[in-house]
Every structure is written in structure tokens, then in C-alpha cells.
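Architecture at a glance
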Amino acid sequence: MKHNILFLIAILLFFGCSKKPEAPICDVPKPEVEKLSKPEFTPSKFDELPNWHEENYLEALNSFLESCKTTKTKALYEELCKSGKDVADAKSFFMQNFTPYKIDATDAKDDGLLTGYYEPLLKGSLTKKEPYLYPVYSTPRDLIVVSLASQYPELQNYRLRGRYDGNNKVVPYYSRKELSSRTLDADIVCYVDSRIELFFLEVQGSGRVLLEGGEVIYVGFDNLNGYKYSSIGKYLIDAGEISYAQASMKGIKNWCDKNPSRVDDLLNHNESVVFFKKRNKPATGALGVVLTPERSVAVDQRYLPLGSMLYMSAQTKEKDLNRIVMAQDIGGAIKGSVRADLFFGYGDEAGNSAGKLKAPLKLWIFLPKAEL
């Protein structure tokens, strides 16, 4: 018997939690809500998980306990977060306390997809000068974020982003192309030497910047301009500029090097812009915990709750990726129930691994036995 996600414990209560606005800032007619087909969870067994008996259980347990420091993981696994601290046998802990549920794709044609991301290193300066000409902006002061959850609970996972137009109306915020010709009313974290590297910093969501004097600063996601993410790799494929096999981060950078006069048009295809803030620690996901290489994934929180424990299975040319991971991040390109972005860590090696990962994916969610 299949269990719909709506009836499994109270996990939907923890999707996209945020403070409600104190008062409406604009009069918005009730929108048409996107009809999302919720994934279904099918009861499974640990022996059905690919390579389950080869898992590094202690490493997985440590990743789980690290995620237990966050409110969302605690809300899902409160008692197990406590008992997991005094475990002698990590494998037994998982098998005695959790039940794996196979996550069915929301689209029957969708086999699932696993991609990768990492924490890039850019070169920069705190002042604008050659070659550091491209600003890393924090959230503009005129950017307005509207939550409609207080009036429309079905929209609790959605935010409207815009600006006042001078006539006491809220209109969409500036697109990437519009922002390129404007001076933003925003703090500048630093300046970097490459617009391409800055664009991919937006795609990754966080990174490090090596300043002139040798200091390294951490920068992380702060906000969005409110536009839907559009893949420039897909755009180049559809235009016949590159092949599917070339649509990696390295392949796109090579195309940009060969077509410098067309780079702006390419980047403007993705109207979405990410704004950053300086952080005091390495990459943290939407959950607020420092990400663990090859144990942290980004998911679509419309279908899967942040803080949940998942088991993923994907096969690549280099190796099989079968392991427990924690849903600790989200991303604009992560759409669907059987969809994940695996964090590879920091540096060139991590970037190479992340940039070429694109594999069919199967996912299971671990839920406490006592809660079912």
C-alpha cells in the first residue's frame, strides 16, 4: 500500500517555514495555484537499497547528528536525534529505528536526476580596480519580498519579489539584463575579476573569494531578484552551439572564451540573479548547517522536507553513488520529487566532479518507525 506524502507524520508542517508579514503591503488578487502532484512514498526494506550493506554507517550517522543541530531536522527526528548521540552500532541504529520509503517521481516519465555542485574559489578585491571590475552585490535596499501565506496557506512555499514603481504599486524586480545597466542601491561584498566565474558563483549559491592580500572571505546566498532560473547550458544545446556532452560547466566556460562578444546575451538568458552576503564559515545550505561533502544534497522543498534523511542511488561512469544523504539545501534548478544536487566540497577537484555529474537517480526517504 502506498502512503501519500500528505499523510506521513507532519513533515509538510516544516516546509518553507518563515515569519508571516505583519501587514499586507499590496492588494494582490488570489492567484491561480500551480497544481503539484505530490509524490507517493512506497514502503521498502533496507535490503532493497542498492549497496546498503557497503554503506559507511558511522560517517552517515555523524552527518545525521550534524543536521540534528537544526530545528527542521529536530522537528522530523526529535527522539532519534537524542538517542543517536549514544549509539554503539550505527548500522543497527538505522535499521532498528527507521523505515525506508521509495519516493515515486511526480512525473511518470521522470526517471530522476542527480547533479552536483561545489564551493568555487574566485579572485577578488574589496575595492574596484583592474582586473576586479565585477561587483558581488548584497540584497538591494529596494527589493521587496512578499509572503502571501497568511492569506493563502497553499502558497506558504512561495515568495513574490518586486519593487515599488513610484505609484504605490509593486512591480517585478529588475531582470539580469536590466540590472546590468543600473547602479544598485546595495552594499558590495567585494569585486571579482570574471563575470563568468561570478555567474557560476550564483549557480553554486556560495563560495570563497581570495583577496589581493591573501585573505579568503566566504560569501553565501542572501536573496534573489525573483525570476525563474533558466539553464544557459540548455539554451546553448537548443541553439546548436554545443552538444549535450559539452554542456558541463567547463564546456560552457570554453564556449564563453571562444565567443566573448556573445557572453552578455548568453548570461541574460537566465533572468534570475542571486545576491550574496559575507559569511564567517564555509558553505552552508538553506538549512543553515555547514554542508558535508558527498553527504549533503539540495532538494525541491515543495516535495521533500528540508532536514530529512534520504538514501540515493545513482550510477556514473566513474563510480556508483549509493549512500545516505541529508536534505540540507535547495536550488532554483532543482525541480521535482526525485531530483537532487550533491555537494562535493571545495576546490578544483570538487568542481570537476560536480561539473560533470548528471546521472539517473532513485531516492528513498528514512522516516522514524514510531511515527508511522
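All chains use their own residue numbering, which begins from 1 and follows the written sequence. Per-residue local features of the predicted model are confined to residues with pLDDT of at least 70, and side-chain atom pairs are confined, for both listing and counting, to 80 or more; whole-chain, interface and lining totals are unaffected and use all residues. The side-chain numbers reported here are obtained from all heavy atoms of the structure, hydrogens and water having been left aside.

1. Side note on the sheet that holds strand β6 (residues 134–137)
Only when DSSP finds a minimum of two bridges between them are two strands counted as paired. Starting at the N terminus, helices and strands are each numbered in turn, a helix being any DSSP run of H or I of at least four residues and a strand any DSSP run of E of at least two. Strand order in this open sheet of 6 strands is β6-β10-β5-β11-β12-β13, and the pairing throughout is mixed. A single partner strand is all that each edge strand has here, and the edge strands are β6 and β13 (274–279). The average undirected angle you get between the axes of adjacent strands in this sheet is 45°. In this sheet, strand β11 (residues 206–211) lies alongside strand β5 (residues 121–125) in parallel orientation, the contact comprising 4 bridges. Following the sheet pairing, L122 is matched in β11 by V209. Any two residues having at least one pair of non-hydrogen atoms within 4.5 Å are treated as being in contact. Only the contacting stretch of a helix is used when fitting its axis, a line to C-alpha atoms as for every element, and angles between N-to-C directions run 0 to 180 degrees. Lying on the sheet, helix α5 (residues 195–204) is in contact with β5, β6, β10 (188–192), β11, β12 (216–224) and β13; it crosses β6 at an angle near 20°.

2. Observations concerning the packing of aromatic side chains
Two aromatic rings, taken as a pair, are described by how far apart their centres are and by the angle between their planes. Two rings from Phe, Tyr or Trp (for Trp, the six-membered ring) form a pair when their centres are within 6.5 Å of each other. A pair whose planes differ by under 30 degrees is stacked, one over 60 is edge-to-face, and the rest are tilted. Within this structure, the stated rule accounts for 19 aromatic pairs. Taken together, a centroid distance of 5.7 Å and an interplanar angle of 90° make the contact between F199 and F200 edge-to-face. Residues F199 and F200 agree in their burial class; the two are buried. Members of the aromatic cluster, each reached through a chain of ring pairs, are F46, W52, Y57, F64, Y77, F93, F94, F98, Y311, W364 and F366. Definition used: whenever NZ (Lys) or CZ (Arg) falls within 6 Å of the ring centre and also within 35 degrees of the ring normal, the charge is taken to sit over that ring. Its guanidinium or amino end placed over the ring of Y346, R208 lies 3.7 Å from that ring's centre, counting from NZ or CZ. Remark: exposure states derive from per-residue accessible area (1.4 Å probe, protein chains only) relative to the maximum for the residue type, with buried under 20%, exposed over 50%, and partly exposed in between.

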